[in-house]
Amino acid sequence: MVDVPTSATETDTAESGRVELEHERGYVGVLYSRLDALRAEKTEQLAKVRRTGAIGSLQNQSERDAYATMHEDRLAQLNAVEERLVFGRLDLDGAAVGDSAPQSSADDDGVGATRYIGRIGLTDGEQRRLLIDWRAPEAGAFYQATAFERFNVRRRRHLILRGRNVVSLEDDILDETLLDEVEVHQGEGALLAALTQRRTGRMGDIVSTIQAEQDRIIRTDMAGVVVVQGGPGTGKTAVALHRAAYLLYEHRERLKSAGVLLVGPSHAFMRYIERVLPSLGETGVVMSSIGELMPGIDAGEETSHEAARLKGDLRMAEAVKRAVANRQRLLAEDRRVVVEGTSLTLTRKMVKRARDKARSTGKPHNEARATFVKVLVRELAEQLEEHLEESSGGGNKADRAYLVEDVRSSEDVRIALNLCWLPVTPQRLVGELLSKPEHLVAAAPHLSAQETLELLRPVGAAWTESDVPLLDEAAELLGELDASAGRAEAQAAAQRKRDMELAEASVQSTDEMLAEYGQDGLVTAEEVLDFNEEQGPGYTAAERAMADRTWAYGHVVVDEAQELSPMQWRLLMRRCPMKSFTVVGDIAQASSATRATSWAAALGPFVGERFALEELTVNYRTPTQIAEAAARVAQRAGLTVSTPKAVREGTWPPIVDRVREGSVVDAVRRVLPEEVAASDGGLTAVIAPRHLVDAVRAAAVEGFGRRVGTGSGGVEQDIVVTTARESKGLEFDVVVLVEPEALIAEADGGLGGLYVAMTRATQRLRVLAEGAIPDGLEG
Ligand SMILES: Nc1ncnc2c1ncn2[C@@H]1O[C@H](COP(=O)(O)OP(=O)(O)OP(=O)(O)O)[C@@H](O)[C@H]1O
């Protein structure tokens, strides 16, 4: 259907509308043809490279795979931008705006140019720019230009596509003299159209409707820490994701090797956002929930508020340090060890000397152990030598190397040295710290007896999110378990040098061969090597970064950052020594035990005052009626939240049902069909306190069976039963909120959880309460 104006008052513009629409369809057709041609080209190149393996011209299979990966990546990017490839057009000063002939934006000074803005940049065979990447500087005006500050823009046009077809146009005339020259084409507004779409359970990109205040933040310089504070639904997550894509475009070379890490609050949230960056043509970002930041550990929620608070305290870093130092023990008394039938004495003094020497290397525990062992083995070998010389009357000179070997292989010596300085894994150290009272008391004297009890847990208990920074701290202080790791590193460096020489030699022959096949672009030896290395173990750079705890990222994006504990911040700071961060969150939504009370308090210990604070002020998600109710509840409870500016008014005020005590689950059963119907094919969430979630889910399943989802897989379903915590960052057309009083209670009286739950709704909010109704909810 062609969405051109057809009402009586707009009839005059209808014809011109059709002409314009046809013109844009023509141009968009050209762009898709170019996209198809590029895809075909890449597919062909990929096939050729794969075939070369069989021909055998390439040096080895990994090289062939490296080229294949390059082409696959580009092909994946070209495939990812199919939907809404182009979405905007700018007519700049001097442009023949009324002209309906397709134009490209060939002239770089922008004067008289028409620019088409889209997901990627495209050029034609003569390198003329057909489409400008939304992240390019020339595209900035599309998002920033206003009638007051035009940036040479006369007209901004949104092209609304369905599939490959342009179905309507939206014009913003910024140069009012243009009003005399052209017809203005307007529908309900591109932004409003985007906002009123049914939710799908997956976040989409907002690339065609980024607002000026969002765009400014997205394009902020990469250096340093940028904090984006904003109320619910102000687009913080959207901005964070688009900023990651922008930085990857702007600093491609630097970030290609170092990578970008994106951290979110939960599995469910990561699944919710996981498609946004690929849709922007970016696949290399490492995405991790806060519980997955330690490779090999998938930590769950910390349900004890007190334990979370204590483990999040920076003093725990000191406790872990002490726990490691406590693993470097002195002897209670001198100890006899037998080597090859000779009795030697390991004295307390010797152990102390060796420990001092090992500690002075500054190496982590497991690596410094080598020094500890070496010093003592040498001293024991000297003792052994003296004994042997004495017993032989000084006649025989023993070979020192043999003696050292004798000492090293003695069972007695091994036991004695291990007693003093045992290699240990982070899991073991932290596990014992949290399950053995004597370990905890010795390492954390700052804890009261009551606090010590709060922290203690059974041996082998599952890891929680607040354990992760402790494990990371321990890993940092313990180092590699394998004492030969240093040697391995040196060997790897030497190997890389050899590989590099090989790659250089092979690039030449490869180039020649590729030229034969008409391949584009030069490839450096380094590129080949990088790709080979990626290919080696069959992992991408992102996967390698994810598996490597010590990986130093080029940039880190942290979402829902208000929840992080100081220990979690400490871990994240370690992941990016350059301290290049985008931190987004809302202090008022904080609900964890370790929540921040201000950004200065959260970041101060790590960057002092060196962070830039930006604010987002418009709520794009929640309609006014619901947003105001949520803000009222928060304000009456003493939280500082600004009155939201919501983009949409909304159809329904929040509905509050008081129900008989003990009947709230029945109430869910009763109202759910009505609410699902109201969602009109969209998403419905039932957000319940933790202790009621199972019962509520069972009630929902009775009525809706397999349509009901839960946990991180829940976002696939159209009815989701979840906790306030799991709903963080998500959104649904309809929200049924169960027992608000209990949501407050489970957050230790904090209002953040309730505030989060109320602001997840894009259309309708229904509250079911058998207990007290929070002040402000009903007006
Ligand atoms: N410029 C925009 N154009 C279209 N949609 C937008 C825009 N900005 C935000 N949105 C939409 O508004 C909704 C809320 O955005 P987002 O989840 O990023 O907000 P948030 O500030 O992170 O929210 P919260 O803190 O409550 O989780 C999303 O559906 C997002 O796609």
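Residues numbered from 1 in each chain as written. Predicted model: local features only at pLDDT ≥ 70, side-chain atom pairs only at ≥ 80, totals over all residues.

Quick notes on the overall build of the protein chain
In step 1: Helix and strand counts for the protein chain stand at 29 helices and 22 strands.
In step 2: Across the 779 residues in the protein chain, those meeting the buried criterion constitute 44%.
In step 3: In the protein chain, 73% of the contacts between residues at least 6 apart in sequence involve partners at least 24 apart. (Helix = DSSP H or I, 4+ residues; strand = E, 2+ residues; numbered from the N terminus. Buried ≥ 20, exposed ≤ 12 C-beta atoms within 10 Å, placed from the backbone. Contact = placed C-beta atoms within 7 Å.)

Notes on the site of the ligand
In step 1: Surrounding the ligand, one finds 23 residues, the nearest of these being Pro232, Gly235, Lys236, Thr237 and Tyr620.
In step 2: Counting only elements with at least two residues in the shell around the ligand, the list comes to α4 (190–195) and α6 (236–250).
In step 3: Residue composition of the shell around the ligand, by class: eight nonpolar, 11 polar and four charged. (Near = placed C-beta within 6 Å. Nonpolar A, V, L, I, M, F, W, Y, C, P; charged D, E, K, R; others polar.)

Let's talk about the sheet that holds strand β14 (residues 611–616)
Strand pairs in the sheet, formed through backbone hydrogen bonds, run parallel or antiparallel to each other.
In step 1: As summarised here, the arrangement of the six strands in space is β9-β8-β12-β13-β7-β14, forming an open sheet in which the pairing is parallel. Looking along the sheet, the strands with just one partner apiece sit at the ends: β9 (286–289) and β14. Put simply, the sheet's adjacent strands are angled 15° from each other on average, direction ignored.
In step 2: Alignment of strand β8 (residues 260–264) against β9, held across four bridges, turns out to be parallel. Its bridge partner being in β9, Val263 is matched across the sheet by Ser288.
In step 3: On top of the sheet, α6 reaches β7 (225–230), β8, β12 (555–558), β13 (581–585) and β14; it is set at about 165° to β13, its chief contact. (Pairing = 2+ DSSP bridges. Axes fitted to C-alpha atoms, helices over the stretch in contact; angles between N-to-C directions.)

A look at the sheet that holds strand β2 (residues 114–118)
In step 1: One open sheet holds the six strands; their spatial order is β3-β4-β2-β1-β5-β6, and the pairing between them is mixed. Only two strands of the sheet have a single partner each, and these edge strands are β3 (122–123) and β6 (165–173).
In step 2: As defined by bridge partners, strand β1 (residues 86–92) adjoins β2 across five bridges and the pair is classed as antiparallel. Looking at the pairing, Leu90 lines up with Arg115 of β2.

Brief notes about the UniProt feature "binding site: ATP" (unreviewed entry) in the protein chain
In step 1: According to UniProt, the positions carrying the feature "binding site: ATP" (unreviewed entry) are Gly230, Gly231, Pro232, Gly233, Thr234, Gly235, Lys236 and Thr237.
In step 2: Note that Thr234 resides in the loop between β7 and α6.
In step 3: Apart from residues no more than four positions distant in its own chain, Thr234 is found in contact with Leu616, Thr617, Val618, Asn619 and Tyr620.
In step 4: Along the chain, Thr237 falls in helix α6.
In step 5: Taking the C-beta count within 10 Å as the criterion, Thr237 has 25 such neighbours and is therefore assigned buried.
In step 6: Not counting residues within four places of it along the chain, the set of residues in contact with Thr237 comprises Met203, Ile273, Asp559, Val584 and Gly729. (UniProt positions renumbered as here; feature names shortened; annotations may be inferred.)

Quick notes on the environment of Val377
In step 1: For Val377, the location among the structural elements is in helix α13 (residues 365–391).
In step 2: Each C-alpha atom, one on Val377 and one on Val413, is 8.3 Å from the other, the two residues being 36 residues apart in sequence.
In step 3: Excluding residues that lie within four positions of it along the chain, Val377 makes contacts with Val404, Val407 and Arg408.

A word on the nonpolar core
In step 1: Membership of the largest hydrophobic core comes to 167 residues, with the highest contact counts inside it found for Ala244, Val668 and Val738.
In step 2: In terms of residues, this core owes the most to one element, α6, which gives nine residues.
In step 3: Beyond its immediate sequence surroundings of up to four residues, Val738 is in contact with Val664, Val668, Val686, Ile687, Ala688, Pro689, Leu692, Val696 and Leu768.
In step 4: Core analysis: the second largest hydrophobic core is formed by 21 residues, Leu346, Leu380, Leu384 and Val407 among them. (Core = buried A, V, L, I, M, F, W, Y, C linked by C-beta atoms within 7 Å.)

Examining the environment of Glu82
In step 1: Checked against the element boundaries, Glu82 lands in the loop between α2 (61–80) and β1.
In step 2: On the basis of neighbour counts, which here come to 15 C-beta atoms within 10 Å, the residue Glu82 falls in the partly exposed class.

Remarks on helix α27 (residues 693–704)
In step 1: Taking 1.5 Å of rise per residue, the 12 residues of α27 would be expected to cover 16 Å, and the 16 Å separating its terminal C-alpha atoms lies within 8% of that figure.
In step 2: Immediately beyond the C-terminal end of α27, within one or two residues, lies Gly705, with a positive phi of roughly 55°. (Expected span 1.5 Å × (residues − 1).)

Focus on helix α23 (residues 566–575)
In step 1: The element α23 is extensively covered by neighbouring structure, given that eight of its 10 residues are classed as buried.
In step 2: Where α23 is concerned, the buried positions are Pro566, Met567, Gln568, Trp569, Arg570, Leu571, Leu572 and Arg575.
In step 3: On its buried side, α23 packs onto β8, α10 (305–312), α11 (315–325), α19 (468–478), β12 and α24 (599–607).

Some points on the pairing of strand β11 (residues 342–346)
In step 1: The pairing of strand β10 (residues 335–339) with β11 spans five bridges and is classified as antiparallel. Among the inter-strand pairings, Val337 is bridged to a residue of β11, identified as Leu344.
In step 2: Here β10 hands over to β11 after two residues, with Glu340 in that stretch at a positive phi of 50°.

Some words on the packing of α19 against α23
In step 1: Packing of α19 against α23 leaves a shortest axis separation of 9 Å and a crossing angle of 45°. The pairing of α19 with α23 is recorded here as oblique in orientation. Between α19 and α23 lies a crossing of left-handed hand. Contacts from Val468, Pro469, Leu470 and Asp472 of α19 reach α23 at Met567, Gln568, Arg570 and Leu571.
In step 2: For the contact of α19 with α23, a count of residues per class yields five nonpolar, one polar and two charged. (Parallel < 35°, antiparallel > 145°, perpendicular 65-115°, else oblique. Left-handed = near helix turned anticlockwise from the far one by under 90°.)

Topic: the packing of α13 against helix α14 (residues 400–408)
For any two helices packed against each other, the geometry comes down to the angle between their axes and how far apart the axes lie.
In step 1: Two numbers describe how α13 lies on α14: the axes approach to 9 Å, and their chain directions differ by 115°. As judged from the angle between their axes, α13 and α14 are roughly perpendicular. Helix-helix and strand crossings are classified by hand; for α13 and α14 the assignment is right-handed. Only Arg400, Leu403, Val404, Asp406, Val407 and Arg408 of α14 make contact with α13, whose side of the interface consists of Val377, Arg378, Leu380, Ala381, Leu384 and Glu385.
In step 2: Split into classes, the residues belonging to the contact of α13 with α14 amount to seven nonpolar, no polar and five charged.

Considering unusual backbone geometry
In step 1: Look at Lys579: it is not a glycine, yet its phi comes out positive at around 55°.
In step 2: Within the fold, Lys579 resides in the loop between α23 and β13.
In step 3: Positive phi, close to 55°, is recorded for Glu739, a residue that is not glycine.
In step 4: Along the chain, the position of Glu739 falls in the loop between β21 (732–738) and α28 (740–746).
In step 5: By the C-beta count within 10 Å, which is 26 here, Glu739 ends up buried.

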